[in-house]
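# Architecture and fold: a report
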Amino acid sequence: MTKSVHHWIAGRTVEGTSGDWGPVTDPATGEVTTRVALASAADVDEAVAAARAAFATWGTASLAQRTAVLFRFRALLDAHRDEIAALITAEHGKVHSDALGEVARGLEIVDLACGITTQLKGELSTQVSTGVDVAAIRQPLGVVAGITPFNFPAMVPMWMFPLAIACGNTFVLKPSEKDPSASVRLAELLKEAGLPDGVFNVVHGAKPAVDRLLAHPDVAAVSFVGSTPIARYVHATASANGKRVQALGGAKNHMLVLPDADLDAAADAAVSAAYGSAGERCMAISAVVAVGATGDALVQKIRERAEKVKVGPGSDPDSEMGPLITREHRDKVASYVTGAAAEGCEVVLDGTGHTVEGHEGGHWIGLSLLDRVPTTARAYQDEIFGPVLCVLRAETYEEGLALVNASPFGNGTAIFTRDGGAARRFQLEVQAGMVGVNVPIPVPVGYHSFGGWKDSLFGDHHVYGNDGVHFYTRGKVVTTRWPDPAEAPAGIDLGFPRNH
């Protein structure tokens, strides 16, 4: 029998009213192991109503009360990290160690939220005019929503809700219906930590649930992570409905390797960043730009390392890379490799025929490596979101930089070099939101903000860090004057107020 995953509304599981269910597969076997309730508009309305009711008291709760809950949640999350990682592996397919890393990075944002007292400190200017003080404060928005992708079912929601609820908002999460169990487990731990019912809610579903959140009049802000076309749609639709929006889109992250780079270190980094989590990361390196005469040697080193990576079930401790999330996605990723030669690419490694003994029904694809990739090839132009690495050649730093900057995406990028001057130029000249210098996946720590440029971000705010706090609050400025009873009345003055 398959497991059933329900919505979480007002502190309890709710089956919902639609009667529709979606399948959740084990990517390592291809078998349906779980069914997930798919929300109707009425289910979304119920979750938003619960959040709105909870905001009446949570929005005015003291910082001490909010942080006490978050500290308890952090302890529970730490104690249950192995269990949550196992849920991720079972439904997403990533290897267990990678899933543990996901939970650990989510914990960083919980840590940040636990220290929200310093993030929400206001400003006070005294005596800006005679007897007049001005204070600036930040207050919560109300009900906010998060729409999150399949590739990080625990971490990406934790980029959002800990800060949102720490700031005094209430939250409705719409996670991916492909791997929903981790989000519900997080909701259960929040309740165990003492979070009042209705402050955090989970509704599962597809486009109808998303559309209702984007249009709902009681949702003040929407956070989204996913593909660029959907990010653009979310931003346009939610903005048209008067909502604050941060929508993170797709990526085509480049790694520029200069001739003076340590090629062994660069090859290690390229393999780790391109094939980790089977390439299903928005910060994966999917294009290496080899400058000068480095290309042949670098490609050979990448090939040698990639051929040794063990692909297998995420639950197997010996596996280094797991399967892809669905059969349909696996086939789409494979199409970029099978069609690469006809588009002018040199296929160095073709992983499309990979299978795993005893798990023949799994969504398997091996590591693929394409060299001398023209910029016109689909494998270069599209976000593949799979274990396919493209290598391009450039004669000079300037040519390589121009190639990186010509991409419509601007999420993350990296340079590998021993030249500090070149690295400094790159970090200033490259058009991307996150830059690594000899660091292939430059995901910022929790107290900095995550976000890209160009078609990788729609909206003005990045997630977490200071940007996250600002996104989930709005400013208010209070000007105060307490007149001295002994003073004579100022009288009427119709002129524009001046400070004196």
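Please refer to the structure higher up on the page.
A brief report on the enclosed structure follows. (Residues numbered from 1 in each chain as written. Predicted model: local features only at pLDDT ≥ 70, side-chain atom pairs only at ≥ 80, totals over all residues. Heavy atoms only, no water.)

## Re the overall build of the chain
When you go through the chain residue by residue, the secondary structure sums to 16 helices and 23 strands. Relative to the compact-globule value of 23 Å for 500 residues, the chain shows a C-alpha radius of gyration of 25 Å, a close match. Taken along its principal axes, the extent of the C-alpha atoms in the chain is 85 × 60 × 40 Å. Looking at the 500 residues of the chain, the share that counts as buried comes to 54%. Within the chain, contacts between residues separated by at least 24 positions form 72% of all contacts whose residues are at least 6 apart in sequence. Surface accessibility of the chain: about 20,400 Å² in total, with carbon and sulfur atoms responsible for 53%. For the chain, the separation between the mean place of its 42 positive charges and that of its 56 negative charges on side chains is 5 Å. (Helix = DSSP H or I, 4+ residues; strand = E, 2+ residues; numbered from the N terminus. Rg over C-alpha atoms; globule rule 2.2 N^0.38 Å. Buried < 20%, exposed > 50% of the residue type's maximum accessible area, 1.4 Å probe, protein only. Contact = heavy atoms within 4.5 Å. Areas by Shrake-Rupley, 256 points an atom, 1.4 Å probe, with all protein chains shown as cover. Lys, Arg positive; Asp, Glu negative; His and termini not counted. Charge placed at Lys NZ, Arg CZ, Asp CG, Glu CD.)

## Remarks on the sheet that holds strand S7 (residues 132-140)
Spatially, three strands are ordered S6-S7-S23 in an open sheet, and the strand pairing comes out antiparallel. The open sheet has two free edges, formed respectively by strand S6 (123-129) and strand S23 (473-481), since each of these has just one partner strand. With strand direction ignored, the average angle separating the axes of adjacent strands in the sheet is 25°. As paired strands, S7 and S23 are joined by nine bridges and run antiparallel to one another. Residue pairing for S23: Asp 133 is matched across the bridge by Thr 480. (Pairing = 2+ DSSP bridges. Axes fitted to C-alpha atoms, helices over the stretch in contact; angles between N-to-C directions.)

## Quick look at the side chain of Ser 129
Position of Ser 129 relative to the elements: it lies in strand S6. Leave out the neighbours within four places in its chain, and Ser 129 touches Arg 498, Asn 499 and His 500.

## Considering the pattern of salt bridges
Enumeration according to the criterion identifies 29 salt bridges in this entry. One salt bridge in this structure joins Arg 372 and Glu 346, with 4.0 Å as the shortest N-O distance. Of this pair, Arg 372 sits in the loop between strand S16 (368-371) and helix H13 (378-381) while Glu 346 sits in strand S15 (residues 346-349), placing them 26 residues apart in sequence. For Glu 346, a relative accessible area of 39% translates into the label partly exposed. Within this structure, Asp 296, Glu 346, Asp 371, Arg 372 and Arg 393 form a network of salt bridges that share partners. (Salt bridge = Lys/Arg side-chain N within 4 Å of Asp/Glu carboxyl O.)

## Regarding the packing of helix H10 (residues 263-275) against helix H11 (residues 295-306)
Across the interface, H10 lies against H11 with an axial gap of 9 Å and an inter-helix angle of 55°. It follows that H10 is oblique to H11 by the angle criterion. In this structure, the crossing between H10 and H11 has a hand that is right-handed. In this structure, H10 contributes Leu 263, Asp 264, Ala 266, Ala 267, Asp 268, Ala 270, Val 271 and Tyr 275 to the contact, and H11 contributes Ala 297, Leu 298, Lys 301, Ile 302, Arg 305 and Ala 306. Considering only residue class, the contact of H10 with H11 consists of ten nonpolar, no polar and four charged. (Parallel < 35°, antiparallel > 145°, perpendicular 65-115°, else oblique. Left-handed = near helix turned anticlockwise from the far one by under 90°. Nonpolar A, V, L, I, M, F, W, Y, C, P; charged D, E, K, R; others polar.)

## With respect to the pairing of strand S9 (residues 170-174)
Counted residue by residue, S9 has five buried out of five residues, so it is predominantly covered. Because side chains alternate across S9, one face comprises the buried residues Thr 170, Val 172 and Lys 174, and the other comprises Phe 171 and Leu 173, equally buried. Note on the crossover from strand S8 (residues 143-147) through helix H6 (residues 155-166) to S9: the handedness is right-handed. (Right-handed = clockwise from strand over helix to strand, strands pointing away.)

Just geometry here; none of it tells us what the structure is for.
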